[in-house]
Structures are given as structure tokens and as C-alpha cells.
Amino acid sequence: MLVLHYHPLSSYCWKMLIALYEKDLPFEARLVNLGDPQAKADFRCLWPTAKIPLLQDGERLIPETSIQIEYLDRHHPGAVRLLPADPDALLEVRLWDRLFDLYVMNPMQRFVAQRLRPEAARDPLASDAVLDELLMAYRLIELRLGTGTWAVGEIFSLADCAAAPSLFYAAIVQPFPAAHPVLSGYFERLMARPSVRRVIREAQPWFKYFPLGEAMPERFLGAL
């Protein structure tokens, strides 16, 4: 049995959950409360970075979401594969996966981390820089995303697993500009994907702990 060490609010955990649901793989979800010092210390004994999600397959531990999803494709392919066999398409999928992680997911997380601090300890310049970085990423997506249904053509892939949580949370931090119809249309399709809707639905009881919970996009949550 696969085991996923995770937290239901974590965007990177969503990325992995979406992949597992797309593949229709059985797994055990083990919640990790990194806010609890003892729980974090115990988890650090399992994996020194104490970063989630962590995939466990028997005695084997697999960190880092992109590697985890590739591992599943190789060893537990399930219902679908999330990395294409064609080398050129694979490069595109890997590229978009990195773009969503590095230029959408990571800045969004830095902004949220600022909001978790006491107000006096926040850095407004750092927060402004994050918003600028997200707007740059939105422009990149608007200009460079192809005309297919998903990030790379018509097959839902690793790149889309990264895009869904990245854009869901990023849209709360920095709403999409009205002049970005390609980005907005892609986001709508992601939010309608059953695996994505399932992850959001399962996370809903936890949204009260999210520091920007009042800005959740109700038009998507209301239909879950």
C-alpha cells in the first residue's frame, strides 16, 4: 500500500493527491501536523527536511512532487500516465511543471508565509515583490500556453497537477487580470476536473485555518 504523508491545505500535497486520484490508485493518507513540535520532530526522523508531501512505498521513501509523480508513472501507472512517452511532449510537460511550481506555487507560498506572521513582523516590500512575480507568471502563461485543453495538448499531465493548486491559491493572493482570457479559461477547466474538485472538497473543512480564507473563490467552492 502506498502511503502519502500530507496535509490537506498544502498546495504541493494537492499536486500529489490530484495525481493519485487521476490514476485511481489506492493509498493511505497520513496527516502530518508540522505546527506541532513533536509531530514535526517525529516526521523529521522519517525524512530530515520535514517537507510534505512524502510518498512511501514499502520501505522506499520518495520526496519532491515531480519525482513522486514520475515514480508513480514508472512503478504504479494506474489508470493513466501523467508523463507522455513522446520526448518533445515530455520536455514541454516538465517545463510547465517547473514554471507552475517555481513562478506560481513558490511565490504564492511566500506571500501566505508573510500573512502567518504577526502583523508587525511582516515585510510589505517582500509581499509586493511576490505580487509582481505572480503578475509576471500570469503574463507568461497567457502568452505561452498552447491552444489545447490542458497545459500540453489534450492529455492531462504532470503539468496540470502542478497548475491546479498553484493557480487556485495564487488567484486568492493575486486575482487574474481581466485581460488574461487564456489563463482564466484554463483555470476554469482545471477547477472542473473531477480530481481537482475532489481535492478542494476534501480540503474545505480546513480552509478556516488558511490566513486568506475570506478571499476563497466562492464561485468554485459553491458548486463542489
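Just above sits the structure.
Below or above, wherever it landed, is the structure these notes cover. Remember, it's a predicted structure, so these values are computed and weren't measured experimentally. Throughout, residues of each chain are indexed from 1 in the direction in which the sequence is written. pLDDT decides what is reported in this predicted model: residues at 70 or higher carry local features, side-chain atom pairs at 80 or more are listed and counted, and totals for whole chains, interfaces and linings draw on all residues regardless. Calculated side-chain values reflect all of the structure's heavy atoms, with hydrogen atoms and water omitted.

A short note on the packing of helix α4 (residues 87-116) against helix α6 (residues 158-173)
- Close contact between α4 and α6 brings their axes to 8 Å; oriented N to C, the two are set at 25°. What the angle tells us is that α4 and α6 run roughly parallel. Our pair here, α4 against α6, has a crossing hand that is left-handed. Of α6, the residues touching α4 (which contributes V93, W96, D97, F100, D101, V104, M105, M108, F111 and V112) are L158, A159, A162, A163, P165, S166, L167, Y169, A170 and V173. Axis definition: a line fit to C-alpha positions, over the contact stretch in the case of helices; interaxial angles, taken between N-to-C directions, run 0 to 180 degrees. Counting from the N terminus, the helices are the DSSP runs of H or I reaching at least four residues and the strands are the DSSP runs of E reaching at least two. Should an angle fall under 35 degrees it is called roughly parallel, over 145 degrees roughly antiparallel, and 65 to 115 degrees roughly perpendicular, with every other angle called oblique. Helix crossings fall into two classes, left-handed where the near helix is turned counterclockwise from the far one by less than a right angle and right-handed where it is turned clockwise. In this description, contact between two residues means that some pair of their heavy atoms is separated by no more than 4.5 Å.

What about the packing of aromatic side chains?
- Geometry of aromatic contacts follows a simple scheme: Phe, Tyr and Trp rings, the Trp one being its six-membered ring, pair when their centres are within 6.5 Å, and the pair is stacked under 30 degrees between planes, edge-to-face over 60, tilted otherwise. Enumeration over the complete set of coordinates arrives at 13 aromatic pairs.
- With a centroid separation of 5.4 Å and an interplanar angle of 90°, the aromatic rings of F168 and Y169 are classed as edge-to-face. In this pair, the class of F168 matches that of Y169, namely buried.
- Where F176 meets F187, the ring centres are 5.1 Å apart and the plane angle is 85°; that geometry is what we call edge-to-face. Taken as a pair, F176 in the loop between α6 and α7 (181-192) and F187 in helix α7 lie far apart in primary sequence, eleven residues in all. Considered together, F176 and F187 belong to a single accessibility category, that of buried residues. The classification of residues rests on relative accessible area computed with a 1.4 Å probe and restricted to protein chains. Under 20% of the type maximum is buried, over 50% is exposed, and intermediate values are partly exposed.

Observations regarding the nonpolar core
- Working definition of a nonpolar core: buried Ala, Val, Leu, Ile, Met, Phe, Trp, Tyr and Cys residues. They are joined through side-chain atoms within 4.5 Å. Counting residues in hydrophobic clusters, the biggest one holds 72 residues, and the most contacted among them are W96, F100, L167, F168, Y169, Y186 and L190.
- Look past the residues within four positions of F100 in its chain and what remains in contact with it is M105, I141, A151, A159, A162, A163, S166, L167 and Y186.

Here's the deal with the side chain of D101
- In this structure, D101 sits in helix α4.
- Residue D101 is classed as buried on the basis of its relative accessible area of 2%.
- Apart from the residues lying within four places of it in its own chain, the contact partners of D101 are Y12, K15, T65, S66, N106 and A162.

A word on the pattern of salt bridges
- Any Lys or Arg side-chain nitrogen found within 4 Å of a carboxyl oxygen on Asp or Glu counts as a salt bridge. A complete count under the given rule lists eleven salt bridges for this structure.
- For E70, the salt bridge is made with R94, and the minimal N-O distance between the two is 3.1 Å. Of this pair, E70 sits in helix α3 (residues 65-75) while R94 sits in helix α4, and the two are 24 residues apart along the sequence.
- Overall, E70 belongs to the buried group, its relative accessible area being 15%.
- Relative accessible area serves as the criterion here: at 30%, R94 is assigned to the partly exposed category.
- A salt bridge links R98 to D97; the shortest N-O distance between them is 3.1 Å.
- Its relative accessible area of 35% is what places R98 among the partly exposed residues.
- One salt-bridge network, in which partners are shared between bridges, spans K15, D97, R98 and D101.

Observations regarding the side chain of E142
- With respect to the helices, strands and loops of the structure, E142 is situated in helix α5 (residues 124-144).
- Note that His is not counted, nor are the chain ends; the positive residues are Lys and Arg, and the negative ones are Asp and Glu. Here E142 sits buried without a salt bridge, and the closest side chain of opposite charge, R189, lies 9.6 Å off (N-O distance).
- Polar contacts, as counted here, are pairs of nitrogen or oxygen atoms within 3.5 Å of one another; within protein the pair requires one atom able to donate a hydrogen and one able to accept it, and residues that are adjacent in sequence qualify only if both atoms are side-chain atoms. Within the structure, the side chain of E142 is placed 2.8 Å from the backbone nitrogen of L183, a separation counted as a polar contact.
- With residues up to four places along the chain from it excluded, the contact list for E142 reads A179, H180, P181, V182 and L183.

Looking at the packing of helix α1 (residues 11-23) against helix α8 (residues 194-203)
- α8 packs onto α1 with a crossing angle of 130° between their chain directions and a minimal axis gap of 9 Å. When the axes of α1 and α8 are compared, the pair comes out oblique. The handedness of the crossing between α1 and α8 comes out as right-handed. Listed contacts from α8 to W14, L17, I18, Y21 and E22 of α1 are S195, V196, R198, V199, I200, E202 and A203.
- The residue classification treats Ala, Val, Leu, Ile, Met, Phe, Trp, Tyr, Cys and Pro as nonpolar and Asp, Glu, Lys and Arg as charged. All others, Gly included, are polar. The residue inventory of the contact of α1 with α8, partitioned by class, reads eight nonpolar, one polar and three charged.

Digging into α4
- Here the expected length of a helix is defined as 1.5 Å per residue gap, with one fewer gap than residues. Its 30 residues give α4 an end-to-end C-alpha distance of 42 Å, which sits within 8% of 44 Å, the value for a rise of 1.5 Å per residue.
- Here the bend at a residue is taken as the angle between two axes, fitted respectively to the seven residues that end there and the seven that start there. If you look at α4, its biggest bend is around 30°, right at M105, and the proline P107 turns up within four residues after that.
- Its side-chain oxygen 3.2 Å from the backbone nitrogen of D88, D86 forms the N-cap of α4.

By themselves, these figures tell us nothing about what the structure is for.
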